[in-house]
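Architecture and fold: a report
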Amino acid sequence: MSELRTLVILGAGGDLTQRLLLPGMATCLAAGTPARGLAVVGVGQGEDPDFPDVVRGAFGRVLDADRMDLPAVRRTLHSTRWVTADASSPEDLGELLEDVEGPVGLYFALPPSVTVAACEALRELHVRDRLPTDVVLVLEKPFGTDLDSARELNALLAGFVPAERVLRVDHFLGQPGVLGFVGLRFANRILEPLWNRDHIERIEIVFDETLGLEGRAGFYDANGAARDMIQSHLLQVMALVMMDPPTRFDGVEIPANTAHVLRATRLWPESAGNPGGLPTVVRGRYTAGEVGGRSLPSYVQEEGVDPGRGTETFAQVVVEVDSWRWSGVPVVLRSGKAIGSPRQEITVVFRRPPHRYEQFPSADPMPTDVVRVGFEDERIALELNAGGPFDSRGMTRTVLSAELPEPGLTAYGSVLRWVFEGERAFTVRGDGAEEGWRILAEIVDAYASGSAPLQDYEAGSPGPV
């Protein structure tokens, strides 16, 4: 796939574009990809929001004056423009694609229903032989709204565009810690031989936030924590952490291996009991409180919230990847809003040594070895036991910790670099997106059954009990 010359952002007037996409693009250009810059076309149904100034402002939030003056950045800023068009109109999209220099990437910064309508319009262009053969579709999660809609969208795309020109992206796969975890596993011989059910007791993938709703009621209240975070992001991170070693890091093996993990994933079976005393599904909703010195109202009092929906702001589930490598290992996925002292990390807890020495007096079992990798700060920590009965200090808990250098790219910067370079390794395969919705359906069934009642938790607390 040739390097893109134009990026068309459908839905460019939305929050995603200004808050995440454009700053990510700035870090990408400053890092030299693409080296000559590219044309950026913002598309929306409204009038021009002075898009070049919007882009310049977003770039200026992450680049200093010297990097703003880099040739690639200047060329991109110079070529930025706005087009008022209906993304669901074949005529509007046809005129747009005829007026841009290819190869072109279409980035769908749109709600799922509008994404479907836009894809139907592109299919109509294909039927009319007006769809460029080098167009690349970049689909932002959520991919569909449930299992059936994801299947229908996959079938729609397969009908008019080759699979290699469809990129289903998830910016959590571009998080520095997630990419660092890949190197930790596959560029060393220390961990990978232990990466299985025989040596690992459990895995936790947690992304808690101090933030509350932050004015996003229109999106969040219709989705909630499980749909917004677990289905859309944490399951994909889990699949990358737990996949079998690939023979190549490319757009065939990585998406295939992660899809295989998701296919084997199910809610922790009741017959296996509660791992570590944790219930399989927990959900909660924050009440008024204080987080980081800032007062938050109760979620149900936030503007735009419908209390009758029962939307959860905290979700924790325990799943099992029922495969030869992982069967019997509980995986905890958790995300919550308005959490005090939040964790944002991947944690791997190893099993205890198989023999206990009587010379190691302890009322409690010996602590387990733990590997922790932070999502954004990319802090890597290894917790180990040292010392013992022959050491005057006794048993000592040692933490070996290091912080890797700043990555230079934001998570969206990594995603856009892959888009610009045609790199598909860290994209989501169609069936992988479908499996995420299948797993979410199991979580929603647990909500409906009453086995996971909606619990209140105070903003600033650790979350529901």
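Up top is the structure these notes are about.
Here's a quick rundown of the structure. (Residues numbered from 1 in each chain as written. Predicted model: local features only at pLDDT ≥ 70, side-chain atom pairs only at ≥ 80, totals over all residues. Heavy atoms only, no water.)

A few points about the overall build of the chain
- Helix and strand counts for the chain stand at 13 helices and 18 strands.
- At 24 Å, the chain has a C-alpha radius of gyration in line with the 23 Å of a compact globule built from 465 residues.
- In terms of overall dimensions, the chain has C-alpha extents of about 80 × 50 × 45 Å along its principal axes.
- A total of 465 residues make up the chain; the buried ones form 52% of that total.
- For the chain, the share of sequence-separated contacts (at least 6 apart) that also reach a separation of at least 24 residues comes to 77%. (Helix = DSSP H or I, 4+ residues; strand = E, 2+ residues; numbered from the N terminus. Rg over C-alpha atoms; globule rule 2.2 N^0.38 Å. Buried < 20%, exposed > 50% of the residue type's maximum accessible area, 1.4 Å probe, protein only. Contact = heavy atoms within 4.5 Å.)

Some points on the packing of aromatic side chains
- Taken as a whole and assessed by the stated rule, the structure comprises 11 aromatic pairs.
- For the pair Tyr-286 and Tyr-299, a centre-to-centre distance of 5.7 Å together with 80° between the ring planes defines the contact as edge-to-face. With Tyr-286 in strand 9 (residues 281-287) and Tyr-299 in the loop between strand 11 (294-296) and strand 12 (314-321), this pair connects stretches of sequence that are 13 residues apart. The residues Tyr-286 and Tyr-299 share a single accessibility class, namely buried.
- An aromatic cluster is defined as three or more aromatic residues linked by ring pairs; in this entry it consists of Phe-172, Phe-207 and Phe-375.
- Sitting over the ring of Tyr-447, Arg-283 keeps its end group 4.5 Å from the ring centre. (Phe/Tyr/Trp six-rings, centres within 6.5 Å; stacked < 30°, edge-to-face > 60°. Lys NZ or Arg CZ within 6 Å of the ring centre and 35° of its normal.)

Quick notes on a negative patch on the surface
- A contiguous patch of negative charge, built from Glu-47, Asp-48, Asp-50 and Asp-53, is present on the exposed surface.
- Taking relative accessible area as the criterion, Asp-53 reaches 47% and is therefore assigned partly exposed. (Patch = residues over 30% accessible without salt bridge, like charges linked within 9 Å, V, L, I, M, F, W, Y side chains within 5 Å. Areas by Shrake-Rupley, 256 points an atom, 1.4 Å probe, with all protein chains shown as cover. Salt bridge = Lys/Arg side-chain N within 4 Å of Asp/Glu carboxyl O. Lys, Arg positive; Asp, Glu negative; His and termini not counted. Charge placed at Lys NZ, Arg CZ, Asp CG, Glu CD.)

Notes on the environment of Thr-210
- Locating Thr-210 in the fold gives a position in the loop between strand 7 (200-207) and helix 9 (217-220).
- In this structure Thr-210 comes out as partly exposed when scored by relative accessible area, which is 35%.
- Residues Thr-210 and Ser-461, 251 residues apart in the sequence, show an inter-C-alpha distance of 9.8 Å.
- Residues in contact with Thr-210, not counting those within four places in the same chain, are Val-291, Arg-294, Leu-296, Ala-338, Ile-339 and Pro-342.

Considerations on helix 11 (residues 253-263)
- Extensive coverage of helix 11 is indicated by the burial of eight of its 11 residues.
- Turning to helix 11, its buried residues are Ile-254, Pro-255, Ala-256, Asn-257, Thr-258, Ala-259, Val-261 and Leu-262.
- Close packing links the buried residues of helix 11 with helix 10 (225-242), strand 8 (265-267), strand 12 and helix 13 (430-449).

Topic: helix 6 (residues 112-127)
- The terminal C-alpha atoms of helix 6, which comprises 16 residues, lie 23 Å apart, in line with the 22 Å expected from a rise of 1.5 Å per residue.
- Residues of helix 6 that are buried sit in contact with helix 5 (90-98), strand 4 (104-108), strand 5 (136-140) and helix 7 (147-158).
- A positive phi of about 65° marks Asp-129, the residue just after helix 6. (Expected span 1.5 Å × (residues − 1).)

Quick notes on the packing of helix 1 (residues 15-30) against helix 4 (residues 71-79)
- Two elements in contact, helix 1 and helix 4, have axes whose closest approach is 8 Å; the angle formed by their N-to-C orientations is 140°. When the axes of helix 1 and helix 4 are compared, the pair comes out oblique. Between helix 1 and helix 4 lies a crossing of right-handed hand. From helix 1, Met-25, Leu-29 and Ala-30 reach across to helix 4, where they touch Ala-72, Val-73 and Thr-76.
- Grouping the constituent residues of the contact of helix 1 with helix 4 by class yields five nonpolar, one polar and no charged. (Axes fitted to C-alpha atoms, helices over the stretch in contact; angles between N-to-C directions. Parallel < 35°, antiparallel > 145°, perpendicular 65-115°, else oblique. Left-handed = near helix turned anticlockwise from the far one by under 90°. Nonpolar A, V, L, I, M, F, W, Y, C, P; charged D, E, K, R; others polar.)

Remarks on the nonpolar core
- In this structure, Met-25, Phe-59, Phe-108, Leu-122, Leu-157, Met-238 and Leu-333 are the most contacted members of the largest nonpolar core, which totals 140 residues.
- When residues of this core are assigned to their parent elements, the largest contribution, 12 residues, is made by helix 10. (Core = buried A, V, L, I, M, F, W, Y, C linked by side-chain atoms within 4.5 Å.)

Here we look at unusual backbone geometry
- Along the chain, Thr-33 connects to Pro-34 via a cis peptide bond; the corresponding omega equals -15°.
- Here the bond from Lys-141 into Pro-142 is cis, since omega is 5°, no more than 30 degrees from zero.
- Along the chain, Pro-142 turns up in the loop between strand 5 and helix 7.
- Unlike most non-glycine residues, Asp-50 shows phi in positive territory, near 60°.
- One can find Asp-50 in the loop between strand 2 (39-44) and helix 2 (51-60).
- The phi dihedral of Ala-338 falls on the positive side, at around 55°, and the residue is not glycine.
- Among the structural elements, Ala-338 can be located in the loop between strand 13 (330-336) and strand 14 (344-350).
- On the basis of relative accessibility, which here comes to 0%, the residue Ala-338 falls in the buried class.

A closer look at the pairing of strand 14
- Here strand 14 lies mainly inside the structure; six of its seven residues are buried.
- Pairing of strand 7 with strand 14, which is carried by seven bridges, proceeds in the antiparallel orientation. By the bridge assignment, Ile-205 is partnered in strand 14 with Ile-346.
- In the sheet, strand 14 pairs with strand 15 (residues 370-374) via five bridges, with the strands oriented antiparallel. Its bridge partner being in strand 15, Val-348 is matched across the sheet by Val-371. (Pairing = 2+ DSSP bridges.)

Here we look at the side chain of Thr-427
- Tracing the sequence through the fold places Thr-427 in the loop between helix 12 (411-421) and helix 13.
- Given the relative accessible area of 7%, Thr-427 is considered buried.
- Polar contacts involving the side chain of Thr-427 include one to the main-chain carbonyl oxygen of Arg-424, which spans 2.6 Å.
- If we skip the residues at most four places from it in the chain, Thr-427 touches Leu-167, Arg-168 and Pro-255. (Polar contact = N/O pair within 3.5 Å; in protein donor to acceptor, adjacent residues only side chain to side chain.)

Side note on the side chain of Glu-434
- Relative to the assigned elements, Glu-434 resides in helix 13.
- Excluding residues within four positions of it along the chain, Glu-434 makes contact with Leu-147, Ala-150, Arg-151 and Asn-154.

Structural notes on the sheet that holds strand 5
- Across the sheet, six strands lie side by side as 3-2-1-4-5-6; this open sheet has parallel pairing. Looking at strand neighbours, the two that pair on one side only are strand 3 (81-84) and strand 6 (166-169), the edges of this open sheet. With strand direction ignored, the average angle separating the axes of adjacent strands in the sheet is 20°.
- Here strand 2 pairs with strand 3 via four bridges, running parallel. The residue of strand 3 that forms the bridge with Val-43 is Val-83.
- Seen against the sheet, helix 6 touches strand 4 and strand 5 and runs at an angle of roughly 150° to strand 4.

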